[in-house]
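# An overview of the molecular structure
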2 protein chains.
Amino acid sequence: MPDAAPHRPQQRSAETREKLVEAALQVFAERGFEGATTRAIVDRAGVALAALPYHFKTKELLWRAVADHSFGRFAEQFSARIAGLEGVDSRTRLRLLLGDYVRFAASHPELHRFMQDASSESTERLRWLVEHHVRPMYETLAELAELPRTTGADAWHPGHLLYAVIGTVATPYAHAAEFELLTGERPDQKQLIDRHIDMLLGLFLPGSEGASHE
Amino acid sequence: MPDAAPHRPQQRSAETREKLVEAALQVFAERGFEGATTRAIVDRAGVALAALPYHFKTKELLWRAVADHSFGRFAEQFSARIAGLEGVDSRTRLRLLLGDYVRFAASHPELHRFMQDASSESTERLRWLVEHHVRPMYETLAELAELPRTTGADAWHPGHLLYAVIGTVATPYAHAAEFELLTGERPDQKQLIDRHIDMLLGLFLPGSEGASHE
DNA sequence: GTCTATATTATGATAGAC
DNA sequence: GTCTATCATAATATAGAC
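### Points about helix α11 (residues 190-204) of chain B
With 15 residues, α11(B) extends 21 Å between its outermost C-alpha atoms, agreeing within 8% with the 21 Å of an ideal straight helix rising 1.5 Å per residue. Most of α11(B) sits inside the fold, with 11 of its 15 residues counted as buried. Contact partners of the buried residues in α11(B): α9 (158-174) and α11 (190-204) of chain A together with α5 (90-107), α9 (158-174) and α10 (176-183) of chain B.

This is how it looks when you write it as structure tokens:
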């Protein structure tokens, strides 16, 4: 790591951008695009109000930067795993990917909340998001996991299967506060995450239970 | 139906309240609590701005009225079915309830969006919602469906199972705009709803497929 | 019970000093 | 690049006429 405290200008700038994007992801996920105020975002980022229009021009463009950042992190998280899946049989592939996805959703519940907020209306923002991030990700996943075929259920609509996986994986974490109030337990504890993965394997890949905690 | 056009005062009042609650449900679901403006709500309801504070005092109290209304309709939808389930074996019970739930979620995707918005932060609103509506509903369902036992999976955490069911059922409809942009098909068509139910039966009650479209 | 008009506060974005 | 101060608009809620 280079010298601390007073950084070079372009480094400070990059840090401010980074802080704004991370804070904006949280606030967009918590309060939705319309409910997220620029003041709440800059307060959480610990930067001045005017830093936001300086770096991103508008709230809308900040939102796009947040989407790029989040899907980038999602892809990054999986690229190492995916590289190691060459030649692995598709059942094992699915098992490993599902565990990864659950752990990702548990540590980044904001992504699913962000997506549901974007999907609640058919806006230009949503069209941009689908074409730039959702469709490319979907095509990669479909190819990699051969989703419809390996489950042995050709009759299932690929959209239903996709949203069933997303829904079962992400809902406990997207509704974490509700989950905790209802059950008294936090869904993002390691122990509960492992039980969650076991349940999902039982649901989507019967016979694969218990082999997920590597 | 009583006489049309110029109604009696208390009837007009009830109609205004009803229009406000229905409009507010849509707007809260689309834009979240913070993003929902009272102007957007009264515009959609077709009433004057001042009608909102007159009938509900604050946006917060309107939100509670929306929750009461939505969970009331949910319970109502199921009470007829539930009354007919006396003595029916629990597998059949689950099959029928699941189909009902999918059809409900397809025609009322707002309820799931409303819930996820409420769950995105641990607020006083969420606590109120869990204690007044979520927990009572959960206890009724758990009792009725004997959820954990009939699936033959005692090891599953009841919270995981609950949110897995909610997630698989509601996600395609909560993300309907995204689903349509991605697949080119609307998830709320009757044909796709029936395929969705078949998939869910295959997932949660293997062996029960195809018998759901009554 | 419902409306028009308005008080008050909060919002997104900008200007200009540093 | 970042800050303080500020503009123009839009928000929730209220007052008072009808």
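### Focus: the relation of the copies chain A and chain B
Superposition record for chain A on chain B: RMSD 0.0 Å, screw rotation 180 degrees, translation along axis 0.0 Å. These values place the two chain copies in the arrangement generated by a two-fold rotation axis. Comparing interface residues between copies, 100% of those in chain A also lie at the interface in chain B; the contact surface is shared.

### Topic: the packing of aromatic side chains
All names here are of chain A. The final tally for this structure, using the stated rule, is 20 aromatic pairs over all chains. Ring plane angle 55 degrees and centroid distance 6.4 Å describe the contact between Phe78 and Phe104, whose orientation is recorded as tilted. Taken together, the residues span a long stretch of sequence, with Phe78 in helix α4 (residues 59-83) and Phe104 in helix α5 (residues 90-107) at a distance of 26 residues. Per residue, the accessibility class of Phe78 equals that of Phe104, and both read buried.

### Some details on α11(A)
Those residues of α11(A) that fall on the buried side of the exposure criterion are A:Leu192, A:Ile193, A:Asp194, A:His196, A:Ile197, A:Met199, A:Leu200, A:Leu201, A:Gly202, A:Leu203 and A:Phe204. Tucked inside the fold, the buried residues of α11(A) contact α5, α9 and α10 (176-183) of chain A together with α9 and α11 of chain B.

### Looking at the protein's contact with DNA strand D
In the vicinity of DNA strand D lie 17 residues, with A:Thr16, A:His55, B:Thr38, B:Arg39 and B:Pro53 positioned nearest. Protein-adjacent atoms of DNA strand D, using a 4 Å cutoff, are sugar or phosphate at a proportion of 58%. Contacts to DNA strand D include A:Thr16, whose side-chain N or O atom sits 2.7 Å from a phosphate oxygen. Between A:Ala48 and DNA strand D, the recorded distance is 3.1 Å, taken from a backbone N or O atom to a phosphate oxygen. Listed by contribution, the elements that provide at least two residues to the surface near DNA strand D are α1 (9-35) and α3 (51-56) of chain A together with α2 (38-45) of chain B. The greatest single-element share of the surface near DNA strand D, amounting to three residues, is contributed by α1(A). In terms of residue class, the surface near DNA strand D is built from seven nonpolar, six polar and four charged.

### Digging into the protein's contact with DNA strand C
Around DNA strand C, 17 residues are found, and the nearest of them are A:Thr38, A:Pro53, B:Thr16, B:Ala48 and B:His55. Counting only atoms of DNA strand C within 4 Å of the protein, the sugar-phosphate share comes to 58%. At 3.1 Å from a phosphate oxygen of DNA strand C is found a side-chain nitrogen or oxygen belonging to A:Lys59. B:Ala48 is positioned with one of its backbone polar atoms (N or O) 3.1 Å from a phosphate oxygen of DNA strand C. Contributions of two or more residues to the surface near DNA strand C are made by α2 (38-45) of chain A together with α1 (9-35) and α3 (51-56) of chain B. If you tally residues by element for the surface near DNA strand C, the top one is α1(B), at three residues. Classifying every residue of the surface near DNA strand C by side-chain character gives seven nonpolar, six polar and four charged.

### Here we look at the side chain of A:His133
Structurally, A:His133 can be placed in helix α7 (residues 124-145). Polar side-chain contacts of A:His133 include one of 2.6 Å to the side chain of A:Asp68.

### Observations concerning the interface of chain A and chain B
Taken residue by residue, the interface counts 48 residues in chain A and 48 residues in chain B. In this assembly, chain A packs against chain B so that about 5,100 Å² is buried in total across both faces, 65% of it on carbon and sulfur atoms. Sorting the residues of chain A by area buried against chain B places A:His160, A:Tyr163 and A:Leu182 first, and these three jointly supply 16% of that buried surface. There are two salt bridges connecting chain A and chain B. The salt bridge involving B:Glu34 is made with A:Arg31; its shortest N-O contact spans 3.5 Å. Inspection of the chain A/chain B interface yields 19 residue pairs in polar contact (both at pLDDT 80 or more). Broken down by secondary-structure element, the contributors of at least two residues to the side of chain A that touches chain B are α1, α6 (109-119), α7, α9, α10 and α11 of chain A. Here the side of chain A that touches chain B is composed, by residue class, of 22 nonpolar, 15 polar and 11 charged.

Basis of the calculations
As a convention, each chain's residues are numbered from 1 in the sequence order in which they are written. Lettering of chains starts at A and numbering of ligands starts at 1, both following the order in which they are written. For this predicted model, a pLDDT threshold of at least 70 governs which residues receive local features, and a threshold of 80 or more governs which side-chain atom pairs are given and counted, while totals over whole chains, interfaces and linings are taken from all residues. Each side-chain value is worked out from all heavy atoms of the structure, with water and hydrogens disregarded. Segments assigned H or I by DSSP are reported as helices when at least four residues long, segments assigned E as strands when at least two residues long, and all are numbered from the N terminus. Between the first and last residue of a helix there are one fewer steps than residues, each counted as 1.5 Å, and that sum is the expected span. Exposure classes here rest on a 1.4 Å probe applied to the protein chains alone. A residue is buried below 20% of its type maximum, exposed above 50%, and partly exposed in between. Two residues form a contact once any of their heavy atoms are found within 4.5 Å. We superpose the copies by least squares over the C-alpha atoms of residues that have a pLDDT of at least 70 in both of them. Any two rings among Phe, Tyr and Trp, with Trp reduced to its six-membered ring, count as a pair given centres within 6.5 Å; such a pair is stacked if its planes are under 30 degrees apart, edge-to-face if over 60, and tilted if neither. Summary of the distance rule: residues count as near a molecule or strand when at least one heavy atom falls within 4 Å of that molecule or strand. Pairing of N or O atoms within 3.5 Å defines a polar contact, subject to two protein rules: one partner must be a possible hydrogen donor and the other a possible acceptor, and residues neighboring in sequence count only if both atoms are side-chain atoms. Three classes are used, and their members are as follows: Ala, Val, Leu, Ile, Met, Phe, Trp, Tyr, Cys and Pro are nonpolar, Asp, Glu, Lys and Arg are charged, and the others, Gly among them, are polar. Summed over both partners, buried area is the accessible surface (1.4 Å probe) that two parts give up on being assembled. Each salt bridge in this description consists of a side-chain nitrogen of Lys or Arg and a carboxyl oxygen of Asp or Glu lying within 4 Å of one another.

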